[in-house]
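Chains, contacts and geometry: an overview
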Amino acid sequence: YWRDWSSDVCSSDLADLSTASMQVEFPTDFVLRDAQVSLDITHPFAADLSAALIAPDGTRVQLFNTGLAGANLTRTSFSSSATTPIRNGNAPYTGTFQPVGSLASLNGRRSRGIWTLEVRDNVNGDVGTLNSFGLQLTDASGVSTGRILGTSRIMSSALRIDAEGDVGNNTV
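In this text, all values refer to a predicted model and were calculated from it rather than measured experimentally.

Focus: the overall build of the protein
Within the protein one finds zero helices and 12 strands. In the protein, the order of α-helices and β-strands from amino to carboxyl end is β-β-β-β-β-β-β-β-β-β-β-β. Sorting the 172 residues of the protein into buried and exposed places 43% on the buried side. Here the analysis covers contacts within the protein between residues at least 6 apart in sequence; of these, 69% occur between residues at least 24 apart. Within the structure as shown, the protein displays about 7700 Å² of accessible surface, and the carbon and sulfur contribution to it stands at 47%.

Here it is in structure tokens:
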């Protein structure tokens, strides 16, 4: 089953030489079989950007590095089972791509804790916006047990999701 969440929380600015982040907390504990990430970024030069997902245990998976061509990442998803590496995609990178690092490295880890998406603008001269971030976690039995979708205007916002899929946001 799916647990969907959508938020009125606003987007996060990607200022020159800075990192925007969004954090979500999963209080439910299960062993991961799969993780998928989706995001939407408006930026005139995707080549300026890099992004990573950080698991509760500190495991960092690089989604993409600087060097992408064109502008924007629009409805972009990352899955280890995708057939096209992100570096072989075309702007605005709509669709599902293999990340630079392997999301499969999260398999067998625990879901409980704070998950962080970090997007960094590594170059001076133009700015952008992290419009949205999504995370889908599937348990070891193959059941999709958590999916978070939403937008973030506030850096380091924390969202709390209980076992029933109810969302609370104590930081905004």
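What to know about the nonpolar core
Counting residues in hydrophobic clusters, the biggest one holds 34 residues, and the most contacted among them are Ile41, Leu63, Phe64, Leu73, Leu106, Trp115 and Leu135. Of all the elements in the fold, those that place two or more residues in this core are β2 (18–26), β3 (32–42), β4 (49–54), β5 (60–64), β6 (73–78), β8 (113–121) and β9 (128–139). With five residues, β3 is the single largest residue contributor to this core.

Quick word on the pairing of β5
Where β4 lies against β5, four bridges are found, and the strand directions are antiparallel. Along β5, the bridge assignment pairs Ala52 with Gln62.

Considerations on unusual backbone geometry
Following Ala91, the chain continues to Pro92 via a peptide bond in cis, the omega torsion being 10°. At Asn72, a position not held by glycine, the phi torsion is positive, near 70°. Mapped onto the elements, Asn72 comes out in the loop between β5 and β6. The class for Asn72 is partly exposed, based on a relative accessible area of 24%. The backbone phi angle of Arg75 is positive, close to 50°, even though this residue is not glycine. When you line up the elements, Arg75 lands in strand β6.

Some details on the pattern of salt bridges
All told, the structure shown has three salt bridges when counted by the stated rule. The salt bridge partner of Arg109 is Asp57, with a shortest N-O separation of 2.9 Å. Here Arg109, found in the loop between β7 (95–97) and β8, pairs with Asp57, found in the loop between β4 and β5; they are 52 residues apart in sequence, far enough to count as distant. Among the residues examined, Arg109 registers a relative accessible area of 32% and is labelled partly exposed. By relative accessible area, which is 46% here, Asp57 ends up partly exposed.

Remarks on the packing of aromatic side chains
By the definition in use, this model includes two aromatic pairs. Aromatic pair Tyr93 and Phe97: ring centres 6.2 Å apart, planes at 70°, arrangement edge-to-face. Each of the two residues, Tyr93 as well as Phe97, counts as buried.

Considerations on the pairing of β3
Note that β3 and β9 share 10 bridges and pair antiparallel. Looking at the pairing, Leu39 lines up with Phe133 of β9. One ladder, built from four bridges, connects β3 with β6; its direction is antiparallel. By the bridge assignment, Val37 is partnered in β6 with Phe78.

The rules behind the values
- Residues numbered from 1 in each chain as written.
- Predicted model: local features only at pLDDT ≥ 70, side-chain atom pairs only at ≥ 80, totals over all residues.
- Heavy atoms only, no water.
- Helix = DSSP H or I, 4+ residues; strand = E, 2+ residues; numbered from the N terminus.
- Buried < 20%, exposed > 50% of the residue type's maximum accessible area, 1.4 Å probe, protein only.
- Contact = heavy atoms within 4.5 Å.
- Areas by Shrake-Rupley, 256 points an atom, 1.4 Å probe, with all protein chains shown as cover.
- Core = buried A, V, L, I, M, F, W, Y, C linked by side-chain atoms within 4.5 Å.
- Pairing = 2+ DSSP bridges.
- Salt bridge = Lys/Arg side-chain N within 4 Å of Asp/Glu carboxyl O.
- Phe/Tyr/Trp six-rings, centres within 6.5 Å; stacked < 30°, edge-to-face > 60°.

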